[in-house]
Amino acid sequence: MKTLFSGIQPSGVPTIANYIGAIKQFQTMQYDYESYFCIVDQHAITVPQDRLKLRERTRQLAAIYLASGIDTTHSTLFIQSEVPAHAQAGWLMQCISYIGELERMTQFKDKSSKQQDGISAALLTYPPLMAADILLYGTDIVPVGDDQKQHLELTRNLAERFNSKYNDILTIPEVKLPEYGARIKSLQEPTKKMSKSDSNQKSFVSLLDPPKQIEKKIKSAVTDSEGIIRYDKENKPGVSNLLDIVSVLKDATVESIEKDFEGVQYGEFKSFVAEVVVDELTPFQERYEHYMNSEELDHILDKGRDQANMKAQKMLTKMENAMGLGRKR
Ligand code: TYM
């Protein structure tokens, strides 16, 4: 069976963009692969985090994965920092990365330009750690949103570089983007991507927002003055974004939604979008509460840590052997 790996940072409560771009793909793909889902807390600390909030979000993210249908009788769910091989292999990947290629990463450029009190070195070396996450499991496929495409390209390059320099042991992973909704936009600035760490709460719908708040946020989404519900990413990014959201959640084509809403006012359309999101999230939030309040969560994470450790440690040993580290094992 081929292997799937993906990760989410506990840097905020995941949004409907994370859900549509990544999590929804996990539910459907997991059974076709040996699947690993990771809470990448070591990635989250590349920018300052409050210690207690990070702990809470890590736990929340575990419950979110489970509520969204990750089945741990089949798949492995674990926390990155509980599997030391990630940081160890991250170091090996840093040793074969070039500063120039890391400086070219758009996410580094974005995040470092926003950082006010000094840019951590780890913000630059984030992609080699992400490569390690993936390569440790012999991963064939990585389902992610569009913003991770560049990191995946670098991961492939690093794997190829390692294989040709040392020993041909790393699998070259493929990226898997969703057909629709690979880049959901901010509700307030629809030319920017929706982000869970945005300081403007109105710009995103979090998976844990109560129905009233979801309605409020969607009703205040920025659109345009044309008054026609039509998909045109270039000239109508706000309306197109709402169409993308509905289309993925309702599993309907954009054309059919445009047709259903011909001649309808934006206000009415937004109420419909809000209803679709609330309908998707209400049962999800009930399952989330169940996992948050059960002891099962810790047992699942313990089991995931042990399974991931076993697999990752084997590959780390192979990588260290290939590079001549320590004594031959
Ligand atoms: P993160 O935590 O920012 O996002 C988690 C997943 O959500 C996707 N995503 C989006 N999809 C559609 N529209 C958006 N606006 C949007 N914003 C985010 C992301 O593409 C991602 O799939 N570096 C990764 C975490 C990571 C990882 C990994 C992923 C670390 N190691 C190994 C895969 C494999 C990140 O910051 O994702």
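These figures come from a predicted structure and were not determined experimentally. (Residues numbered from 1 in each chain as written. Predicted model: local features only at pLDDT ≥ 70, side-chain atom pairs only at ≥ 80, totals over all residues. Heavy atoms only, no water.)

## What to know about the packing of aromatic side chains
Step number 1: With the rule as written, the count across this model stands at eleven aromatic pairs.
Step number 2: On the numbers, 5.1 Å between centres and 65° between planes, the contact of F261 with F269 is edge-to-face. For the pair F261 and F269, a shared accessibility class is recorded, and that class is buried.
Step number 3: On the basis of an interplanar angle of 45° and a centroid distance of 4.8 Å, the ring pair of F261 and F272 is categorised as tilted. Residue F261 is found in the loop between α12 (254-260) and α13 (266-292), and its partner F272 is found in helix α13; the two are separated by eleven residues along the sequence.
Step number 4: Linked through ring pairs, F5, Y36, F78 and Y137 together constitute an aromatic cluster. (Phe/Tyr/Trp six-rings, centres within 6.5 Å; stacked < 30°, edge-to-face > 60°. Buried < 20%, exposed > 50% of the residue type's maximum accessible area, 1.4 Å probe, protein only. Helix = DSSP H or I, 4+ residues; strand = E, 2+ residues; numbered from the N terminus.)

## Some words on the confidence of the model for the chain
Step number 1: Chain-level pLDDT for the chain is 96 on average; 100% of the residues reach the 70-or-more range.
Step number 2: Confidence metrics for the complex model read pTM 0.96 and ipTM 0.99. (pLDDT = per-residue confidence, 0-100.)

## What about the site of the ligand?
Step number 1: The immediate surroundings of the ligand are formed by 27 residues, with Q9, Y126, D133, D147 and K196 found nearest.
Step number 2: Between the ligand and M194 there is a distance of 3.1 Å, counted from a nitrogen atom to a backbone nitrogen or oxygen. (Near = heavy atom within 4 Å. Polar contact = N/O pair within 3.5 Å; in protein donor to acceptor, adjacent residues only side chain to side chain.)

## Examining empty space enclosed by the protein
Step number 1: One pass over the full model with this rule turns up one cavity of 30 Å³ or more.
Step number 2: By volume, the largest cavity amounts to about 60 Å³.
Step number 3: In terms of lining, the largest cavity is formed by M105, Q107, F108, K111, L123, Y126, P127 and H151.
Step number 4: Counting residues per element, the ones that place at least two in the lining of the largest cavity are α6 (106-114) and α8 (126-135).
Step number 5: In terms of residue count, the dominant contributor to the lining of the largest cavity is α6 (three residues).
Step number 6: Looking at the lining of the largest cavity residue by residue, the class counts come to five nonpolar, two polar and one charged. (1 Å grid on protein atoms, 1.4 Å probe; cavity = no way out; pocket = protein on both sides within 12 Å on 5 of 7 lines; lining within 4 Å. Points joined across faces, edges and corners; volume = space filled by probe spheres on them. Nonpolar A, V, L, I, M, F, W, Y, C, P; charged D, E, K, R; others polar.)

## Focus on the side chain of T58
Step number 1: Counting through the fold element by element, T58 comes out in helix α3 (residues 51-67).
Step number 2: Taking relative accessible area as the criterion, T58 reaches 8% and is therefore assigned buried.
Step number 3: In this structure the side chain of T58 is engaged in a polar contact, spanning 2.8 Å, whose partner is the backbone oxygen of L54.
Step number 4: Setting aside anything within four residues of it in sequence, one finds T58 in contact with P10, I39, D41 and I79. (Contact = heavy atoms within 4.5 Å.)

## Focus on the UniProt feature "binding site: ATP" (unreviewed entry) in the chain
Step number 1: Under the feature "binding site: ATP" (unreviewed entry), the UniProt entry names Q9, P10, S11, G145, D146, D147, I184, K193, M194, S195, K196 and S197.
Step number 2: Positionally, P10 belongs in the loop between β1 (3-8) and α1 (16-29).
Step number 3: If near-sequence neighbours (up to four positions away) are discounted, P10 is found in contact with I39, V40, D41, A44, L54, R57, T58 and L61.
Step number 4: Summarising the element assignment, D147 is placed in the loop between β4 (141-143) and α9 (149-165).
Step number 5: Ignoring sequence-local partners within four residues, the contact set of D147 consists of Q107, R183 and K193. (UniProt positions renumbered as here; feature names shortened; annotations may be inferred.)

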